[in-house]
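Understanding the architecture of this molecule
Residues per chain, in single letters:
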Amino acid sequence: QKEVEQNSGPLSVPEGAIASLNCTYSDRGSQSFFWYRQYSGKSPELIMSIYSNGDKEDGRFTAQLNKASQYVSLLIRDSQPSDSATYLCAVHDNNDMRFGAGTRLTVKP
Amino acid sequence: GAVVSQHPSRVICKSGTSVKIECRSLDFQATTMFWYRQFPKQSLMLMATSNEGSKATYEQGVEKDKFLINHASLTLSTLTVTSAHPEDSSFYICSASYQGSGETQYFGPGTRLLVL
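Turning our eyes to something else, we now look at the interface of chain B and chain A. The partner chain A presents 16 residues to the 17 residues of chain B that form the contact. Interface area, chain B with chain A, both sides summed: about 1100 Å², of which 59% is carbon and sulfur. At the surface where chain B touches chain A, the tally comes to zero salt bridges. At the junction of chain B and chain A, the tally comes to six residue pairs in polar contact (both at pLDDT 80 or more). Going through the elements one at a time, β4 (32-38), β9 (90-97) and β10 (106-107) of chain B are the ones with two or more residues in the side of chain B that touches chain A. Across the side of chain B that touches chain A, the residue classes tally to seven nonpolar, eight polar and two charged.

This is the structure we're talking about:
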């Protein structure tokens, strides 16, 4: 069974802090990795994708991928209350996209 | 770019009726569309995957005769919930990907179905 695991949280950080979200996956053949944000009652929206080992930065977001250790993480710098949402990790192998259950992040003013 | 719309955004129907939900890719041709269901405070559950012009592939446990999927064009897929019952009440979300998107799925805004 191919798995994508995330800590369900809730993860609480103060405004302005760095939020660190982690995700592990079981299928070594996975090629593509994604982070989505889902506000309560809304559908997921893409934050970023990452395909190669290392870091990828986009504004306040940095995705980190380590294929050897089979984990992908998302760092949110200067967290804002508007970042409070559930963050979904998604992993694609050659056939399917698998979503983690999500980590609920709360940024406190 | 890569905008996906869904219609309706919310629907209330009586038990036993059928409901059709449309999913459209507005600015790209979607080679593959996906239908998900999400119950409150639970994770996304993939129901089926469809490619334009071919039959949908349903996930295990999803009744293909109850959840009819039609992917008639590269920009439109429909999900029909037939003979809906209260337990079908959920948040239905479609997503779409295109050739060259690197397997990225772009989600529609979702349709909230309430069956009375």
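Here the narrative resumes.
Going through the model one piece at a time under the given rule, you end up with two disulfides over all chains. The residue that forms a disulfide with cysteine 23 of chain A is cysteine 89 of chain A, at a sulfur-sulfur distance of 2.0 Å. Given an S-S torsion of about -70°, the disulfide between cysteine 23 of chain A and cysteine 89 of chain A has left-handed geometry. Taken together, the residues cysteine 23 of chain A in strand β3 (residues 19-25) and cysteine 89 of chain A in strand β9 (residues 85-92) connect sequence positions 66 residues apart. We note that cysteine 23 of chain A, like cysteine 89 of chain A, is buried. What pairs with cysteine 23 of chain B in a disulfide is cysteine 94 of chain B, and their sulfur atoms sit 2.0 Å apart. Its S-S torsion of approximately 80° makes the covalent link between cysteine 23 of chain B and cysteine 94 of chain B right-handed.

So, about the packing of aromatic side chains. Within the structure shown, the criterion is met by twelve aromatic pairs over all chains. Between phenylalanine 99 of chain A and phenylalanine 107 of chain B the ring centres are 5.9 Å apart and the planes differ by 70°, which places this aromatic pair in the edge-to-face class. Here phenylalanine 99 of chain A is found in strand β10 (residues 97-99), whereas its partner phenylalanine 107 of chain B is found in strand β10 on a different chain. Pairing phenylalanine 28 of chain B with tyrosine 98 of chain B gives two aromatic rings, centres 5.2 Å apart and planes at 55°, and the pair type is tilted. Placement of the pair is phenylalanine 28 of chain B in the loop between β3 (19-25) and β4 and tyrosine 98 of chain B in the loop between β9 and β10, with a sequence separation of 70 residues.

Cut-off values and rules
- Residues numbered from 1 in each chain as written.
- Chains lettered and ligands numbered in written order.
- Predicted model: local features only at pLDDT ≥ 70, side-chain atom pairs only at ≥ 80, totals over all residues.
- Heavy atoms only, no water.
- Contact = heavy atoms within 4.5 Å.
- Buried area = accessible area lost by both parts, 1.4 Å probe.
- Salt bridge = Lys/Arg side-chain N within 4 Å of Asp/Glu carboxyl O.
- Polar contact = N/O pair within 3.5 Å; in protein donor to acceptor, adjacent residues only side chain to side chain.
- Helix = DSSP H or I, 4+ residues; strand = E, 2+ residues; numbered from the N terminus.
- Nonpolar A, V, L, I, M, F, W, Y, C, P; charged D, E, K, R; others polar.
- Disulfide = S-S within 2.5 Å.
- Buried < 20%, exposed > 50% of the residue type's maximum accessible area, 1.4 Å probe, protein only.
- Phe/Tyr/Trp six-rings, centres within 6.5 Å; stacked < 30°, edge-to-face > 60°.

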